[in-house]
Amino acid sequence: MLTCSKLIPQGQGLANVLLKRATTIELDWDVRQKSRFDATDSQGRRLGVFLPRGTAVRGGDVLLAEDGSMVRVLAAPQPVLRITHCSAHGTPFDLIRAAYHLGNRHVPIELQPDHLKIEPDHVLAEMLDRMHLIVAEVNEPFEPENGAYNAHGGHGHDHVHGSAPTHAPATQHVHGPGCGHDHAHEAAVTPAAHVHGPDCNHGHDHDHPHDHGHAHGHTHAPAAAMTMGTNMATTTRTKTITTAMTTEAHDRLHLMWLASPALPVGGFSYSEVLEAAVDKGLVTNEAQASQWLTDQLLLSQARSDLAVVAQAIAAWRQNDLTRVAELNTWVLTTRESSELRQQTQQTGRSLLEWLRQLPTATAAADATDAFSAAPGVPATTGHASEHPAAHPGDHATPADEAAQASDSKAATLHAHLTFARDLPPTWPVAFALAAAQTAAPVRDCVLACAFGWAENMSQAAIKAVPLGQTGGQRILARLLHAIPAAVDSAIALPDHQRQAFNPMLAILSAQHEAQYSRLFRS
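Starting afresh in each chain, residues are numbered from 1 along the sequence in its written order. Only residues with pLDDT of 70 or above have their local features reported here, since the model is predicted, and side-chain atom pairs are shown and tallied only from 80 upward, although totals for entire chains, interfaces and linings are computed over all residues. Values shown for side chains rest on all heavy atoms present in the structure; no hydrogens or waters enter the calculation.

A short note on the nonpolar core
So, point 1. Core analysis: the biggest nonpolar cluster contains 73 residues, and Leu258 and Trp316 have the highest contact counts within it.
So, point 2. Each helix corresponds to a stretch of at least 4 residues labelled H or I by DSSP, and each strand to a stretch of at least 2 residues labelled E; elements are numbered beginning at the N terminus. With 11 residues, helix 14 (residues 442-464) is the largest single contributor of residues to this core.
So, point 3. Here, two residues are considered to be in contact whenever any of their heavy atoms come within 4.5 Å of each other. What Trp316 contacts, discounting residues up to four positions off in sequence, is Leu321, Val324, His416, Phe419, Ala420, Val429, Ala432, Leu433 and Ala436. For the purposes of this section, nonpolar cores are sets of buried Ala, Val, Leu, Ile, Met, Phe, Trp, Tyr and Cys residues that join through side-chain atoms within 4.5 Å. In this scheme, a residue with accessible area under 20% of its type's maximum is buried, one over 50% is exposed, and one in between is partly exposed, where area comes from a 1.4 Å probe on protein chains only.

Some details on the sheet that holds strand 10 (residues 133-140)
So, point 1. In this scheme, strands are said to pair when DSSP sees at least two bridges between them. Taken together, the 4 strands give an open sheet; going across it, the order is 8-9-7-10, and neighbouring strands pair in antiparallel fashion. Either end of the sheet is taken by a strand with one partner, and the two such strands are strand 8 (110-111) and strand 10.
So, point 2. Across 2 bridges, strand 8 lies against strand 9 (residues 116-118) in antiparallel orientation. Bridge pairing in strand 9 places Leu111 opposite Leu116.

Brief notes about the pattern of salt bridges
So, point 1. For salt bridges, the criterion is a side-chain nitrogen of Lys or Arg within 4 Å of an Asp or Glu carboxyl oxygen. This model, assessed by the stated rule, comprises 17 salt bridges.
So, point 2. Across the pair Asp41 and Arg45 runs a salt bridge, and its minimum N-O distance is 2.8 Å.
So, point 3. Given the relative accessible area of 5%, Asp41 is considered buried.
So, point 4. Residue Arg252 is joined to Glu248 by a salt bridge in which the shortest nitrogen-to-oxygen separation is 2.7 Å. Of this pair, Arg252 and Glu248 are both found in helix 5 (residues 223-259), 4 residues apart, which corresponds to roughly one turn of the helix.
So, point 5. On the basis of relative accessible area, Glu248 is assigned to the partly exposed category, the value being 41%.
So, point 6. Through salt bridges with shared partners, one network takes in Arg82, Glu110, Lys117 and Glu140.

Things to note about the side chain of Thr426
So, point 1. Turning to its location among the elements, Thr426 is positioned in the loop between helix 12 (398-421) and helix 13 (427-436).
So, point 2. Sequence-distant contacts of Thr426, that is, excluding residues within four places in its chain, are made with Asn328, Val331, Leu332, Thr344 and Gly348.

So, the packing of aromatic side chains
So, point 1. Two aromatic rings from Phe, Tyr or Trp, using only the six-membered ring of Trp, form a pair when their centres are within 6.5 Å; if the ring planes differ by under 30 degrees the pair is stacked, by over 60 it is edge-to-face, and anything between is tilted. All chains considered together, the criterion is met by 3 aromatic pairs.
So, point 2. Ring geometry for Trp257 against Trp354: centres 5.0 Å apart, planes inclined by 90 degrees, an arrangement best described as edge-to-face. With Trp257 in helix 5 and Trp354 in helix 10 (residues 338-357), this residue pair connects regions lying 97 residues apart in the sequence.
So, point 3. Overall, the relative accessible area of 11% leaves Trp354 in the buried class.
So, point 4. A ring pair is formed by Trp427 and Phe431, whose centres lie 5.7 Å apart and whose planes are at 50 degrees; its orientation type is tilted. One end of the pair is Trp427 and the other is Phe431, both in helix 13 and 4 residues apart, which spans about a single turn.

Examining the environment of Leu2
So, point 1. Structurally, Leu2 is set in strand 1 (residues 2-8).
So, point 2. Sequence separation between Leu2 and Leu64 is 62 residues; the distance between their C-alpha atoms is 10.0 Å.

A word on the confidence of the model for the protein chain
So, point 1. Here pLDDT means the predictor's own confidence in every residue, given as a number from 0 to 100. Mean pLDDT over the protein chain: 78, with 70% of residues reaching 70 or higher.
So, point 2. In the predicted structure, residues 240-245 sits below a pLDDT of 50 and forms 0 contacts with residues beyond four places in sequence or in another chain.

Some points on helix 15 (residues 469-492)
So, point 1. With 24 residues, helix 15 extends 35 Å between its outermost C-alpha atoms, agreeing within 8% with the 34 Å of an ideal straight helix rising 1.5 Å per residue.
So, point 2. The axis of helix 15 is deflected most strongly, by about 35 degrees, at Ala482, and proline Pro484 appears within four residues downstream.
So, point 3. Taken as a whole, helix 15 has its buried residues at Gly471, Gly472, Ile475, Leu476, Leu479, Ala482, Ile483, Ala486, Val487 and Ala490.
So, point 4. Buried residues along helix 15 sit against helix 7 (286-301), helix 8 (305-317) and helix 14. Expected span of a helix, by definition, is 1.5 Å for each gap between consecutive residues, and there is one gap fewer than residues. To obtain the bend at a residue, axes are fitted to the seven residues ending there and to the seven starting there, and the angle between these axes is taken.

Listed below in structure tokens is the structure:
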């Protein structure tokens, strides 16, 4: 197998005679968007393409093999949707509207002066049809746009701009009818002088406040005196209910935050062996991907990581750090490949760092010093129940008690973060620490963890198989149906039944470490 590790965009700088002598490979976009893949050229040679991560290969690019030979890449025709405007009911401007809506859905799009192209998706096709666009299924090469900040885009030239912040003085810029810039109006022009027409795209903000809650600063007596006791009691009850609801909502939002794939821990960059299963032909379509991930949820996650999360949450809340360390060691010693071990360590460290950078954790570090220095408070305590009882002559107000409890909780969080840093934490133990900061039930916390895993894996299936966005959502829907039973099983699992014995996953993970063409980290 010949290795190709260099790429010459569009064969720039190469003589035509060299390009004519180069062998060719014809690849569709699903292959060319990967930076590592295998291919066979027009002479029957097997090629192993190994480019920097994030590199997309375009039709017309030239690969340089290790023996000095060159391979010209041809964009293979593939099924795509060709989108054109309807001359009878619309205008070419409709294509701009279509590109905007497709871009909002993060769909790869090929932009042409008179048409757009996207990969087949019946949901998007129906949306475009409702916009009075013409959608045709064709078999053509597909060259979607790269990101605006991608150095190797679909164009064969670069624009080198000077250091000047603008191309022309602001006074020379003329705003026409189609200009989408914000128009700053001079102070001399009064609001009445600005006429908003049907084509105005400005946001119309009203500066006058609509405050219909009337707060009276004066006292109504004697009626106020007669009802003061009743009003105070009602206000107290209302505040109590509002506080309880706010706390519950905060806990739920915190769990949604932890379950989000946007959490900066790098989970999206791992496929947890799915990519290796695709490479070996074990997963080739949506149905197989759905079954694979459902089995992985029930046979692997529920028996190991989700069970550890449930047990670690209880340990963190009880300040049982010995138990936390035992669970963390168990996770490390049951990872059956270096890839799986490094994944749980890297995501665990990242989550711990994220948690440490939160404002609540920063405040916890400050509160720990103040709390430890308070008279009569042991520096190592982590529970409010361990605080010395107030003297009979002391009159602690509810606000004082709440502040003391808050300081105690902050001190405990700081101590736990310090302890976790020294472990170092695995992903299940770090997730449990973050979830333990809420008062949410253990089941809700484990559900959030399972959902985060399911969403990451459905996205991995979209990229690795590959599948469309709609197919990925169908897989996620099937996983959501299986998650509650998996979570209940994990919570009820005793220590002696917790296990991570998954021979096929272990073998595929070890093979993925050396897999030549891959999108996901190893």
